[in-house]
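Chain by chain, the residues run as shown.
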Amino acid sequence: AVRFANGRLERPESLRFTVYRNRDSAHPRKRHRRILVSETERLCYVGHNFGSQVMKCNSLCRYFVGVLDKSSGQMDVYNAEIFNMQPLLSGGGAGSHSCWAALVSWQGARANPSLERARRGEHRLGVGVGVTHKVSLLRCSLVWVSGLVFPGVLRVLQSVLCPVQMDLCIEAFGTSKQKRALSSRRMNAVGSDIVSTAVTKAAANVIDAKGVTGLMQDVAQDDVQNISAFLPPCHEDAERPEHVYRFEDILSAAEYEALRVPAAALASITAEEMAKRAEERSLCSFVLEELKFLPTDEKSRDHKARCLWFLDTLIKFSQQKVIKKKHPMGPECPHIISKKLMKNFTSLTYNNGSIQNLISASMKAKITAYVIALALHINNFQTDLTVLQNDLKLSESRILDIAKALRLRVSKAKGVPGLENEQNHKLGTLSLPLPTQKAPEGQRKRKKMS
């Protein structure tokens, strides 16, 4: 049983049907695949019982056809299948050569006379246009245009159709909504050659005004500014390393004062408490290692303890994803520090009807930059990047990119004894004059495995 999607049949007796079966009769699915082709004087129609565009009712219902014998009054009932027949419009261009290749998988099907004529080159070339009842119809059949167009393969059909013929189909058979959309698209269409000419002319004017070198410098400057948005303020004209990334830009005076109480426990920590903290992993490796070398001077000891406490808090804060609690770092964290973390190191996002604070990848990179800058102040402007990388759970390439953006010189150094199997660690050093800042060159090439 067939159903035509477009048009109305005036002479059903003039239809010619041809059925194609898949040649793979052993395959449990392919052996049931059929392609039905109907040829009229004006159009070719194609229907099939497989693919994404098949009618869903075929898999949910069973259909039967009854043939009544008028002489005996008995009716014979046969299984049936509905084919939704779509008009076929053939077009030229790329993809037409592949149509004949698609036919090879359907060898063994019944012969189609029109297909045989097309193979011999006897079929009419091109697509004609006829007018019937004041409606423009595309007069279409199998054609030879830089190759054979076989009507049975949907993928090839979609690649062969050209937009002009689809527009003509909409004009002839389309709904009112489709026709309005077509009219609007034609009114708003701008030729690609006009756009290309305008863009080329504008680009030439910019290049003439600034020159290629000037444009490349502008692009490099924009990349540097994008990187700097996530770094601590850098004072390139500083005369001493400690003035490049000023301590006041990392911790304000009020924030530094608020750290006095929570950092007191670190300043007076004992060896037993340190071993317990290491076993519980309540402090990161960088802080545990630095606590072994606290200064004996009370003021210096207190200063380093405050820096270590804030660095440990930054690292723990970076491990979170979405901040849902009012005090994400616990009640012992001063309010001014919690406010700083939420304001400077999170981005707002809208989810499920509410605004949430999210630690995105860019915010984690910003946290990493501030952690490295603070570690430089703690370690006399030379720090072990590998230890920080392990604490922050980053890849080596990621932390090296951030370190280079901070204008550090990276070198290899022997790791801390007993830590990470004494592997070769990367050492970051801040020294004057600062190296030239460069934008990242993109993803590194993977090394070939030997």
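Scoring rules and cut-offs
- Position labels on residues start from 1 in each chain and follow its written sequence.
- Local features in a predicted model are, by the rule used here, given only for residues with pLDDT of at least 70; side-chain atom pairs are given and counted only at 80 or more, and totals for whole chains, interfaces and linings are based on all residues.
- The side-chain values count all of the structure's non-hydrogen atoms but skip hydrogen atoms and water molecules.
- Here a helix means four or more residues in a row that DSSP labels H or I, a strand means two or more in a row labelled E, and each is numbered from the N terminus.
- Working definition: with a 1.4 Å probe on protein chains only, accessible area under 20% of the residue-type maximum means buried, over 50% means exposed, and in between means partly exposed.
- What makes two residues a contact is simply this: any of their non-hydrogen atoms within 4.5 Å.
- The Shrake-Rupley method, run with a 1.4 Å probe, gives the accessible areas here. Residue values count only the displayed protein chains as cover.
- Nine residue types can take part in a nonpolar core, namely buried Ala, Val, Leu, Ile, Met, Phe, Trp, Tyr and Cys, and a core is a set of them joined through side-chain atoms within 4.5 Å.
- By convention, a stacked pair of Phe, Tyr or Trp rings (six-membered ring in the case of Trp) has centres within 6.5 Å and planes under 30 degrees apart, an edge-to-face pair has planes over 60 apart, and any other such pair is tilted.
- Charge-over-ring contacts are defined here by two conditions on Lys NZ or Arg CZ: a distance within 6 Å of the ring centre and an angle within 35 degrees of the ring normal.
- Fitted lines through C-alpha atoms serve as axes, helices being fitted only where they are in contact, and the angles separating the N-to-C directions of these axes extend from 0 to 180 degrees.
- An angle below 35 degrees is treated as roughly parallel, one above 145 as roughly antiparallel, one from 65 to 115 as roughly perpendicular, and anything else as oblique.
- Each crossing gets its hand from how the near helix is turned against the far one by less than a right angle, where anticlockwise is left-handed and clockwise is right-handed.
- Think of it as three bins: nonpolar holds Ala, Val, Leu, Ile, Met, Phe, Trp, Tyr, Cys and Pro, charged holds Asp, Glu, Lys and Arg, and polar takes everything else, Gly as well.
- Here a strand pair is declared whenever DSSP counts at least two bridges between the two strands.

Q: Would you mind going over the overall build of the protein chain with me for this structure?
A: Looking only at helices and strands, the protein chain features 17 helices and 15 strands. Residues counted as buried form 36% of the 450 residues belonging to the protein chain. Long-range contacts, defined here as pairs at least 24 residues apart, represent 63% of the contacts in the protein chain between residues at least 6 apart. When the accessible area of the protein chain is evaluated, it comes to approximately 28300 Å², of which 53% is carbon and sulfur surface.

Q: Which parts of the structure should I look at to understand the nonpolar core?
A: Across soluble globular proteins, you tend to see nonpolar side chains buried next to one another. Ranked by internal contacts, the top residues of the largest apolar core, which has 63 residues, are Phe286, Leu291, Leu311 and Ile372. Among the secondary structure elements, those contributing two or more residues to this core are helix 8 (247-250), helix 10 (260-267), helix 12 (285-291), helix 13 (298-318), helix 14 (335-344), helix 15 (361-378), helix 16 (385-392) and helix 17 (396-405). Here this core gets 12 residues from one element, more than from any other, and that element is helix 15. Those residues within four positions of Leu311 in sequence are excluded, and the remaining contacts are Cys284, Phe286, Val287, Val371, Leu374, Ala375 and Ile378. Counting residues in hydrophobic clusters, the runner-up holds 7 residues, among them Leu36, Tyr45, Phe83 and Met85.

Q: I would appreciate a short explanation of the packing of aromatic side chains in the present structure.
A: How two aromatic rings sit relative to each other is given by the distance of their centres and the angle of their planes. One pass over the full model with this rule turns up 2 aromatic pairs. An angle of 80° between the planes, with centres 5.8 Å apart, marks the rings of Phe247 and Tyr256 as edge-to-face. In this structure, Arg306 packs its charged tip against the face of Tyr256, placed 4.6 Å from the ring centre. Geometry around Phe345 places Lys366 over its ring, the cationic atom sitting 5.7 Å from the centre.

Q: Sorry if this is basic, but what is going on with the packing of helix 13 against helix 14 here?
A: Packed helices, taken two at a time, are described by the angle between their axes plus the distance between the axes. Running from N to C, helix 13 and helix 14 cross one another at 45°; their axes reach a closest spacing of 12 Å. Comparing their axes, helix 14 and helix 13 come out oblique. Crossing angle aside, the handedness with which helix 13 passes helix 14 is right-handed. When helix 13 is examined against helix 14, the residues Phe310, Thr313, Leu314 and Phe317 are found in contact with a partner set consisting of Ile337, Lys340, Leu341 and Met342. Of the residues in the contact of helix 13 with helix 14, the class split is 6 nonpolar, 1 polar and 1 charged.

Q: Quick question: what am I supposed to make of the pairing of strand 12 (residues 354-358) here?
A: Moving residue by residue along a regular strand, the side chains alternate between the two faces of the sheet. Of the strand pairs in this sheet, strand 10 (residues 322-323) and strand 12 are connected by 2 bridges, and their pairing is antiparallel. Within the sheet, the bridge partner assigned to Val322 lies in strand 12 and is Leu358. Judged from the 5 bridges that link them, strand 11 (residues 347-351) and strand 12 form a sheet pairing that is antiparallel. For Thr349, the partnering residue across the bridge sits in strand 12 and is Gln356.

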